[in-house]
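# An overview of the molecular structure
For reference, the chains in residue letters:
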Amino acid sequence: MRVAENLEMLDVRLQVMGVQRVVHPTLMWDEENVVLIDTGVPGSLESIRHQAEAADAPFESLNNIVLTQQDIDHISGAAELLAGYPGVAVHAHEKDAHHIRGEKKLSRLTDAFMDRISDRPEEEQAAILRMFDNAVTPVDRVLHDGDQLAFCGGGGLPPEFGHGVYVAAFSVAARLRVFS
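Here the residue index of a chain counts from 1 through its sequence in written order. Confidence filtering applies because this is a predicted model: local features only for residues at pLDDT of at least 70, side-chain atom pairs given and counted only at 80 or more, and all residues used for totals across whole chains, interfaces and linings. Side-chain measures here rest on the full set of heavy atoms in the structure, leaving out hydrogens and waters.

### Quick notes on unusual backbone geometry
For residues that are not glycine, phi is negative in most cases, and the peptide bond is trans in most cases. Positive phi outside glycine occurs at Asn-6, with the angle close to 60 degrees. Labels follow the DSSP assignment, with helices taken as runs of H or I lasting at least four residues and strands as runs of E lasting at least two, numbered in each case from the N terminus. Structurally, Asn-6 can be placed in the loop between strand S1 (2-4) and strand S2 (7-9). Relative accessibility decides the category of a residue: with a 1.4 Å probe and only protein chains considered, values under 20% of the type maximum give buried, values over 50% give exposed, and everything between is partly exposed. Of the residues examined, Asn-6 reaches a relative accessible area of 23% and is grouped as partly exposed. Even without glycine at this site, Asp-38 takes up a positive phi of about 75 degrees.

### Structural notes on helix H6 (residues 122-133)
Between its first and last C-alpha, H6 extends 16 Å over 12 residues, near the 16 Å set by a 1.5 Å rise per residue. Buried within H6 are the following residues: Gln-125, Ile-128, Met-131 and Phe-132. Taken end-on, H6 shows its buried residues confined to a sector of 115 degrees, consistent with a single buried face. Looking at H6, the residues exposed on the side facing more than 90 degrees away from the buried face are Glu-122, Glu-123 and Asp-133. Take the residue count of a helix, subtract one, and multiply by 1.5 Å to get its expected span. Read the arc as the range of directions from the helix axis to the C-beta atoms.

### Observations concerning the pairing of strand S6 (residues 34-37)
Alternating positions in S6 separate into two faces, Val-34 and Leu-36 on one and Val-35 and Ile-37 on the other, with burial throughout. As defined by bridge partners, strand S5 (residues 26-29) adjoins S6 across 4 bridges and the pair is classed as antiparallel. Paired with Trp-29 across the bridge in S6 is Val-34. The hairpin turn running from S5 into S6, its antiparallel successor, is 4 residues long. Whether a crossover is right-handed depends on one test, that the path from the first strand over the helix to the second runs clockwise when the strands point away from the viewer. In this view, the connection linking S6 to its parallel neighbour strand S7 (residues 64-67) by way of helix H1 (residues 45-54) has right-handed handedness. Being paired, for any two strands, means DSSP has found at least two bridges between them.

Next up, the structure:
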């Protein structure tokens, strides 16, 4: 869905823990940069690429990924993207970067979560846990509240960017905010 010129919210349909969901990675671009905000889960790349082409976005020039939070539906598609697009810089907020790099356990990977999936068939449990394994991603730039981003018109990170692991915002030059 076109949000503004050179700003496209994508609809990626996926199965997470046996439930059909739609996530909305967002793509923005200018003459020098193509930025993907969040990456979906493993297997999302083809849908993202197809929708980027339909929006006339120069996805083959992808050079930045901004991960807005540490949930697997935001970050676990990053490994697949980075394999196909080496050299892409990954940005994440300081409150999530340690989790995304795998230095700390993802907040959702708790004993209660493991109990919740324990009644699922072994194959499904393994698939769910693979998404967590795929979530480990190098972070090239750790973002802090108020940081200025040097692409697509710049803009600063509003204070709510690091507001916990579930709420994040990203400002663009047009003063639009895309919430994930």
